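# Descriptive analysis of the structure
Chain residues, written in single-letter form:
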Amino acid sequence: MLLSPNLTSNLTASGPTPFDPGSPVFLTSIPCRILLFADDLKLFAKISSINDCHVLQESLDGFLIWCKTVGLNVNEDKCKVMSFYRSRTCIDFNYTINGIPLKRVQETKDLGFIYTPTLSFRSHIDYISCKALKIIGFIRRHTTEFNSAPCLVALYCSLVRSILDYGSIVWNPSLQVETKLIERVQSRFHSLAGFLLKINHPQHNYIPVMNTLKLCSLKNRRERADHLLLFNLLHGKVDAPRLLERINIRIPSFHTRSQEPFLIPTSRSNFLMNDPLVRAMRSSNNNNFDLWP
């Protein structure tokens, strides 16, 4: 995966074009897949052999020619390469830009998410948990005389919970230790709110505080985010054909008592079982979420 910050694309195309690096619509016909967002570009491909590495390098070389054609400059120092794999080893290939080898990294941040080669989001969860706890410390230092529940809840939701909710569909943890790590942040706020608002509660039991402030657990919010993704995909509110085609609607061949709307594919590993769409479909089946109100 090649991350190329500080690139701008004013690309327009009317249809498929041959693989021609000199063409102004070269990016629409590049052999490898690309992702564009603002001034960032990611060029990536599935690598099964060394030949795939050469194809990716040729695409990168062609991309550089296209940049020169349209008058863009590439900052080699800000370009990186990362390999995502689940096996013990991967094909290590030295990709270059203008003859300069690209730096291979084991962790990178993109669009607010921290990625690692194994696609484990433990580093991301650790990062957002620490960041949220620091903000709670800031709130604690500046709200010593607060006695308004709506004000405290507004501060928490805007400054803290927004960090823990962002992109949860992507990194929603499957391990209890990671779930507890995130819930610990909200428990810290409940402890603060219970003290400032003088809400009686058993030690380390913040359910009375949650009920008073009308807050639900972060796990429930992540589940609702999964359900909302399915709802928006099925109702056309999110235009993502690649995701929509992966949703398995259950159509029984004969009448059964089961009312589950989705057919969950068999997974040979925990990694596949916790795929975001599979997780969302399984959660919707278990919680009888109404997708067709």
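Before any of the text, the structure's been laid out above.
So, here is what we can say about the structure in this document. (Residues numbered from 1 in each chain as written. Predicted model: local features only at pLDDT ≥ 70, side-chain atom pairs only at ≥ 80, totals over all residues. Heavy atoms only, no water.)

Looking at where Leu 192 falls in the secondary structure, it is placed in helix α5 (residues 176-196). On a C-alpha basis, the gap between Leu 192 and Val 209 in space is 9.9 Å, while along the polypeptide they are 17 residues apart. Residue contacts for Leu 192: discarding those within four places in its chain leaves Ile 139, Arg 140 and Thr 143. (Helix = DSSP H or I, 4+ residues; strand = E, 2+ residues; numbered from the N terminus. Contact = heavy atoms within 4.5 Å.)

Our focus in this paragraph is the packing of helix α3 (residues 149-165) against α5. With their axes 11 Å apart at the nearest point, α3 and α5 run at an angle of 170° to one another. Looking at the two axes, α3 sits roughly antiparallel to α5. Contacts from Leu 152, Val 153, Tyr 156, Val 160, Arg 161 and Leu 164 of α3 reach α5 at Ile 182, Val 185, Gln 186, Phe 189, Ala 193 and Leu 196. Along the lines of polarity and charge, the residues of the contact of α3 with α5 split into ten nonpolar, one polar and one charged. (Axes fitted to C-alpha atoms, helices over the stretch in contact; angles between N-to-C directions. Parallel < 35°, antiparallel > 145°, perpendicular 65-115°, else oblique. Nonpolar A, V, L, I, M, F, W, Y, C, P; charged D, E, K, R; others polar.)

It is worth spelling out the packing of aromatic side chains at this point. Under the counting rule described, the total for this entry stands at seven aromatic pairs. Ring geometry for Phe 84 against Tyr 115: centres 6.4 Å apart, planes inclined by 80°, an arrangement best described as edge-to-face. Residue Phe 84 is found in the loop between β4 (80-81) and β5 (96-97), and its partner Tyr 115 is found in strand β9 (residues 113-115); the two are separated by 31 residues along the sequence. Residue classification places Phe 84 among the partly exposed residues on the basis of a relative accessible area of 31%. Both rings, one in Phe 113 and one in Tyr 166, keep their centres 5.2 Å apart while their planes meet at 15°; by these two values the pair is stacked. With a gap of 53 residues between them, Phe 113 in strand β9 and Tyr 166 in the loop between α3 and α4 (168-171) connect regions that are remote in the sequence. Accessibility expressed as a relative area gives 9% for Phe 113, which makes it buried. (Phe/Tyr/Trp six-rings, centres within 6.5 Å; stacked < 30°, edge-to-face > 60°. Buried < 20%, exposed > 50% of the residue type's maximum accessible area, 1.4 Å probe, protein only.)

Attention now goes to the pairing of strand β2 (residues 33-37). Looking at chain direction, β2 and strand β3 (residues 40-44) are connected through five bridges and run antiparallel. Following the sheet pairing, Ile 34 is matched in β3 by Leu 43. The antiparallel pairing of β2 with β3 creates a hairpin that spans two residues between the two strands, and Ala 38 there sits at a positive phi of about 55°. (Pairing = 2+ DSSP bridges.)

Moving on, we come to helix α1 (residues 50-70). Over its 21 residues, α1 extends 31 Å from the first C-alpha to the last, a length consistent with the 30 Å expected when each residue adds 1.5 Å. Turning to α1, its buried residues number three or more, namely Cys 53, Leu 56, Gln 57, Ser 59, Leu 60, Gly 62, Phe 63, Leu 64, Trp 66 and Cys 67. Of the residues one or two after α1, Gly 71 is the one with positive phi, at around 85°. (Expected span 1.5 Å × (residues − 1).)

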